[in-house]
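So the chains spell out like this:
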Amino acid sequence: MGFQCLKIESKDPRLDGIDSLSGTAIPLHYVCKLATHAIHLVVFHERSGNYLWHGHLRLKGHMDRKFVPFRKLQFGRYPGAFDRPELQQVTIDGLDVLIPKDPGHFLEEVPHSRFIECRYKEARAFLQQYLDDNTVDAMAFRKRAKELLQLAAKTLKELGVPFWLSSGTCLGWYRQCSIIPYSKDVDLGIFIQDYKPDIILAFQNAGLPLKHKFGKVEDSLELSFQGKDDVKLDIFFFYEETDHMWNGGTQAKTGKKFKYLFPKFTLCWTEFVDMKVHVPCETVDYIEANYGKTWKIPVQTWDWKSSPPNVQPNGIWPISEWDEVIQLY
Amino acid sequence: MEGTKEAKDSDGKAQEIWTGAVLFLLVTVIVNIKLILDTRRAINEANEDPEPEQDYDEALGRLESPRRRGSSPRRVLDVEVYSSRSKVYVAVDGTTVLEDEAREQGRGIHVIVLNQATGHVMAKRVFDTYSPHEDEAMVLFLNMVAPGRVLICTVKDEGSFHLKDTAKALLRSLGSQAGPALGWRDTWAFVGRKGGPVLGEKHSKSPALSSWGDPVLLKTDVPLSSAEEAECHWADTELNRRRRHFCSKVEGYGSVCSCKDPTPIEFSPDPLPDNKVLNVPVAVIAGNRPNYLYRMLRSLLSAQGVSPQMITVFIDGYYEEPMDVVALFGLRGIQHTPISIKNARVSQHYKASLTATFNLFPEAKFAVVLEEDLDIAVDFFSFLSQSIHLLEEDDSLYCISAWNDQGYEHTAEDPALLYRVETMPGLGWVLRKSLYKEELEPKWPTPEKLWDWDMWMRMPEQRQGRECIIPDVSRSYHFGIVGLNMNGYFHEAYFKKHKFNTVPGVQLRNVDSLKKEAYEVEIHRLLSEAEVLDHSKDPCEDSFLPDTEGHTYVVFIRMEKDDDFTTWTQLAKCLHIWDLDVRGNHQGLWRLFRKKNHFLVVGVPASPYSVKKPPSVTPIFLEPPPKEEGAPGAAEQT
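Analysis parameters
- Residue indices follow the written sequence of each chain, beginning from 1 at its first position.
- Just so you know, chain letters begin at A and ligand numbers begin at 1, following the order they were written in.
- Restriction of local features to residues with pLDDT of at least 70 applies here, the model being predicted, together with a cutoff of 80 or more for giving and counting side-chain atom pairs; totals for whole chains, interfaces and linings are based on all residues.
- Hydrogens and water are ignored here; the side-chain numbers use all heavy atoms of the structure.
- Numbering of helices and strands starts at the N terminus; helices are DSSP runs of H or I of at least 4 residues and strands are runs of E of at least 2.
- Two residues form a contact once any of their heavy atoms are found within 4.5 Å.
- Only the protein chains shown count as cover for residues, and the accessible areas themselves come from Shrake-Rupley with a 1.4 Å probe.
- Pairs were defined over the aromatic rings of Phe, Tyr and Trp, the Trp ring being its six-membered one, requiring ring centres within 6.5 Å. Orientation was assigned from the angle between planes: stacked under 30 degrees, edge-to-face over 60, tilted for the rest.
- Any residue under 20% of the maximum accessible area for its type is buried, any over 50% is exposed, and the rest in between are partly exposed; the area is computed with a 1.4 Å probe on protein chains only.
- Count a disulfide wherever a pair of cysteine sulfur atoms falls within 2.5 Å.
- UniProt positions are given in the numbering used here, feature names are shortened, and annotations may be inferred rather than shown by experiment.
- At least two bridges found by DSSP between two strands is the condition for calling them paired.
- As a rule, the C-alpha atoms of each element are fitted with a line to give its axis, helices using only the stretch in contact, and angles between N-to-C directions run from 0 to 180 degrees.
- Here the term patch refers to residues with relative accessible area over 30% and no salt bridge, with like charges joined within 9 Å and nonpolar side chains (Val, Leu, Ile, Met, Phe, Trp, Tyr) within 5 Å.
- Should a side-chain nitrogen of Lys or Arg be within 4 Å of a carboxyl oxygen of Asp or Glu, the pair is scored as a salt bridge.
- For the charge count, each Lys or Arg is scored as positive and each Asp or Glu as negative, with His and the chain ends excluded.
- What is meant by a nonpolar core is a set of buried Ala, Val, Leu, Ile, Met, Phe, Trp, Tyr and Cys residues, joined one to another through side-chain atoms within 4.5 Å.
- Residues are grouped as follows: Ala, Val, Leu, Ile, Met, Phe, Trp, Tyr, Cys and Pro are nonpolar; Asp, Glu, Lys and Arg are charged; every other residue, Gly included, is polar.

J.: Could you clarify how one ought to interpret the overall build of chain A in this entry?
T.: Along the backbone of chain A there are 7 helices and 20 strands. When the backbone C-alpha atoms are referred to their principal axes, chain A occupies close to 75 × 45 × 40 Å. The contacts in chain A between residues at least 6 apart in sequence include a share of 62% that link residues at least 24 apart. Accessible surface, chain A as shown: approximately 17100 Å² in total, 55% of it carbon and sulfur.

J.: Got a minute to help me understand the packing of aromatic side chains in this structure?
T.: By convention here, two paired aromatic rings are described through the distance between centres and the angle between planes. The final tally for this structure, using the stated rule, is 48 aromatic pairs over all chains. Ring centres of Phe-44 of chain A and Phe-82 of chain A lie 5.6 Å apart, and the angle between their planes is 80°; this geometry places the pair in the edge-to-face category. Here Phe-82 of chain A lies in strand β7 (residues 80–83) and Phe-44 of chain A lies in the loop between β4 (37–42) and β5 (45–47), a separation of 38 residues in the sequence. A relative accessible area of 0% places Phe-82 of chain A in the buried class. Plain terms: the ring middles of Phe-544 of chain B and Phe-599 of chain B are 6.4 Å apart, the flat faces sit at 85° to each other, and that makes the pair edge-to-face. Linking Phe-544 of chain B in the loop between β20 (531–532) and β21 (552–559) with Phe-599 of chain B in strand β23 (residues 597–605), this pair joins segments that are 55 residues apart in sequence.

J.: Sorry, what's going on with the state of the cysteines here?
T.: In a disulfide, the sulfur atoms of two cysteines are held together by a covalent bond. Enumeration over the complete set of coordinates arrives at 7 disulfides over all chains. In this model Cys-268 of chain A forms its disulfide with Cys-281 of chain A; the gap between the sulfur atoms is 2.1 Å. The S-S bond linking Cys-268 of chain A to Cys-281 of chain A shows a torsion near 105°; that makes this disulfide right-handed. Of this pair, Cys-268 of chain A sits in strand β17 (residues 267–272) while Cys-281 of chain A sits in the loop between β18 (275–280) and α6 (283–291), and the two are 13 residues apart along the sequence. The exposure classification of Cys-268 of chain A matches that of Cys-281 of chain A, with both residues buried. With its sulfur 2.0 Å from that of its partner, Cys-540 of chain B forms a disulfide with Cys-574 of chain B.

J.: Would you mind showing me how to read the UniProt feature "domain: ILEI/PANDER" (unreviewed entry) in chain B here?
T.: This chain's UniProt record puts "domain: ILEI/PANDER" (unreviewed entry) on residues 107–196 of chain B. Within the segment residues 107–196 of chain B, helix and strand shares are 22% and 31% respectively, and the terminal C-alpha atoms sit 26 Å apart.

J.: What am I meant to see in the sheet that holds strand β12 (residues 332–336) of chain B here?
T.: The strands making up a sheet associate through hydrogen bonds between their backbones, and the pairing can be parallel or antiparallel. Pairing in this open sheet of 9 strands is mixed, and the strands run β2(A)-β12(B)-β11(B)-β10(B)-β13(B)-β17(B)-β15(B)-β18(B)-β16(B) from one edge to the other. Strands with a single pairing partner mark the edges of an open sheet, and in this sheet they are β2 (21–22) of chain A together with β16 (418–421) of chain B. Looking at chain direction, strand β13 (residues 366–371) of chain B and strand β17 (residues 429–432) of chain B are connected through 4 bridges and run antiparallel. Each bridged residue has a counterpart across the sheet, and for Ala-367 of chain B the counterpart in β17 of chain B is Leu-431 of chain B. Most of the contacts of helix α7 (residues 290–301) of chain B go to strand β10 (residues 282–286) of chain B, to which it runs at about 165°, and overall it touches β10, β11 (311–315) and β13 of chain B. Contacting β2 of chain A together with β10, β11, β12, β13 and β17 of chain B, helix α9 (residues 342–360) of chain B crosses the sheet at an angle of about 140° to β13 of chain B.

J.: I would appreciate a short explanation of a nonpolar patch on the surface in the present structure.
T.: Judged by side-chain polarity, Met-1, Phe-3, Leu-34 and Ile-39 of chain A come together as a nonpolar surface patch covering roughly 450 Å² of accessible area. Residue position: Ile-39 of chain A is located in strand β4.

J.: Would you explain α6 of chain A in this entry?
T.: Given 3.6 residues per turn, any residue in an α-helix points the same way as the ones three and four places further on. Residues and elements named next belong to chain A. Among all positions in α6, only Thr-283, Tyr-286, Ile-287, Ala-289, Asn-290 and Tyr-291 are buried. Those residues of α6 that are buried lie in contact with β10 (164–165), α4 (167–176), β14 (232–240), β16 (256–262) and β18. Downstream of α6 by a residue or two, Gly-292 has a phi angle that is positive, lying close to 80°.

J.: Is there a simple way to explain the side chain of Arg-594 of chain B in this structure?
T.: Residue and element names in this part refer to chain B. Mapped onto the secondary structure, Arg-594 falls in strand β22 (residues 589–594). Notably, Arg-594 is buried but unbridged: the nearest opposite-charge side chain belongs to Asp-542, and the N-O separation is 4.2 Å. If near-sequence neighbours (up to four positions away) are discounted, Arg-594 is found in contact with His-410, Pro-539, Cys-540, Glu-541, Asp-542, Phe-544, Leu-545, Leu-575 and Phe-599.

J.: Explain the nonpolar core here, please?
T.: As a rule of thumb, soluble globular proteins bury nonpolar side chains together. Leu-300, Trp-568 and Phe-599 of chain B are the most contacted members of the largest nonpolar core, which has 131 residues in total. Apart from the residues lying within four places of it in its own chain, the contact partners of Phe-599 of chain B are Leu-533, Phe-544, Leu-545, Tyr-553, Val-555, Leu-575, Trp-590, Arg-591, Leu-592, Phe-593 and Arg-594 of chain B. Among the nonpolar cores identified, the runner-up in size contains 63 residues, and Cys-118, Phe-238, Met-245 and Val-311 of chain A belong to it.

J.: Just checking my understanding: could you explain the interface of chain B and chain A for this structure?
T.: It is common to report an interface's size as the accessible area lost on association of the parts. Across the contact, 24 residues belong to chain B and 23 residues belong to chain A. Here chain B and chain A share 2 salt bridges between them. The partner of Lys-437 of chain B in a salt bridge is Asp-274 of chain A, with the nearest N and O atoms 3.7 Å apart. Per-element tally for the side of chain B that touches chain A: the top contributor is α9 of chain B, with 5 residues. When grouped by side-chain class, the residues that make up the side of chain B that touches chain A number 8 nonpolar, 8 polar and 8 charged. One ladder, built from 2 bridges, connects β2 of chain A with β12 of chain B; its direction is antiparallel. Paired with Ser-22 of chain A across the bridge in β12 of chain B is Gln-335 of chain B.

J.: I'm lost on the pairing of strand β5 (residues 121–127) of chain B in this one. Help?
T.: Look at any regular strand and the pattern is simple: side chains alternate between the two faces of the sheet. Residue and element names in this part refer to chain B. Counting buried positions over the 7 residues of β5 gives 5, a clear majority of the element. Here 6 bridges tie strand β4 (residues 108–114) to β5, and the two strands are oriented antiparallel to one another. Each bridged residue has a counterpart across the sheet, and for Val-111 the counterpart in β5 is Arg-125.

Structure (structure tokens):
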């Protein structure tokens, strides 16, 4: 038909798990041009976790960088992840095409679709060095933690509250692409501006009763829910300042307040235990703030009040507020 | 004046030094600029993602296809062939293409086939003609090699003991004189063309029974033919392009590469109406037995209802030839970096393959798991399509398998019949995704555990009392003779005479009666109808059953406890069915056929079906022979 086309392909990231497999390359993008018009065909691939993924549009050495104005393309600057849309057929200009049933939702996802892969190569190296714990207890914990994470994700999604993997859960993703068996709980982060009072009731209805509530919306809010068999779900609310983020902690016995400082971050999608979840895009800065530069070394005894390098004492709650800011169940 | 003269002198020196310094600076600047330009060029030329696997392949390629240096193509290959008791090697143009000096392996006749135009190694085989039947395999192989190919043979250790007449005649037809006369522990090196002539041969007789022939080193020049002579002229179609690519790289596949009338590589099996397994991914677990893979894929692609785009072949290692076979059929192939050793390597390969299968097909709720040494029945997918809903609806099921462990030619009759059994036969089976993801994958044996993956899956901790559905007549046939756990004797004794369904489109009978409760109803009905045999006679004799057909008989054997299989094992042994461990039972009941009658075996009192035993009948007890005979099942690991 006279079009000139460029094909971008690469290794299939779905084969890039903990085992190392290699197959033929999969197509990621096709860019076809005719005179001054160009068609950008983005190939979406299905991945575990019920989402669609598209790849990074990366030009190989020999490709013509002036083929089309690549910088103007809407997709391809980063790999992206999208909820699987249901499609409907419509007729536009006499042509039958398929579009998402909810085009608005799809378009809203575009600016927030950036996806990063788990670092499987580094995870393999880590697990070779520090052999993975395969005891029955470890596996049972992993199973329960995964179920709890799935339940939390579902509940928050229904509320429309975005969240990301935080603390130990984030470290597990970053360091070893799996749940750390001795981590004892599931940690999530939520921006305080996304807080909804319905959260507590929604979790209760999902079978996760509130275990403790520290702080208040205005300051150092922290929620903890009880999952099955002793696994807790900790939700840390993050507050934004001009040049950093922080979340708060409270010591129930003494009323002491703590502040954990983080450099500012944005959220990216990733795949973790067969789910599409958010993590901070600038993950290593986030991890190092929380765990220091020695995060690669497993530490089984971690004390939240003293171990993190980013912890700062933040005063103490006045006793008059204790009833409000320290609620234990 | 002295002052000024000195000043002038020192000025002059300063001038020199200054000039020298500037020159030096210019030189370093030029060197730096050149370095920068070179580095930039190198960066631009480098590809984005370095792929170590490619390097490995290239290295392998370099080992196997000798690159000829120099701009003008050489028309002669310089071939060296070495044969001795403990070492063989073959070098083509200085590149070693075969070298084996390991102890305890590689005995027999090594055969290498070279492309007569490029010198590229197309096939490498070793036939242990010291052992029986290997010479038959060698004859089959050599018969399939295209005429004109360069053949190289060399003996390691001993290659004559079971080199029978047919093989010797074939070697004679190749023009060899020493091959047909090969004696005990003789050494022999041979270079020739398929279809003649011989290009070189050396032979050394062993002087005495206890010693070997002298090592022989044969050096020959092999003239190369032109590319046209080496290739066939098939019509230019997509399929033939794949064929040409394959046939110019690989030998030993017979008529798929024949110039006239090549075997088709595309099959059009009948479509399966209402195919419930159309979108179920098929994982073919393969290693490095490409000729087996070839045979298996042919039968798989000929099965009714197959979806080629759902097939993925997982190869345990970066082997070229299996990938070539996969590409020949236009299928998807994935290579896995092997981890660990022996059976642990196999189990890690299974795990990686199953995980990848569910990653590549996230919507799939099941996966079909096949191996490279199985023939697949023409109604394999039809069988699965009719039974898969059971796996979906009945939680007490662990799998559906195409293999009946007890289904031999003399003990299986009815292709429409299904059983429930308490074992996991493997050999062509369906895995439920939820079982894999939630139960098996998280606790799959780690690489240092030298366990068989299928033995592990059969353990009570994994199976948890669940059962598999199997057909009376197997829908897969295990043809592999060479393998980690296989050898010729084992195959002959336990696999060769396995019954395999060749009837297309079989309608399975009463599928829903295989659900948990319904099956019990069916068993009770069968047992009520069954005629009780005369328990005073020897159950091993054919005369134990009357000369009828289509009847149902029952025999009660002694089974003290749930794990007392003494009598069953003896019965299995004398009936020549699987007796290495206990398979095929369902709550102390075994079902098979004898003389085309349905034959039920009930273990008393352990089986709940013991209640059906008439009070006058004494359960048969068969005693194992005294231990000195040597343990049964000697045909074990290889």
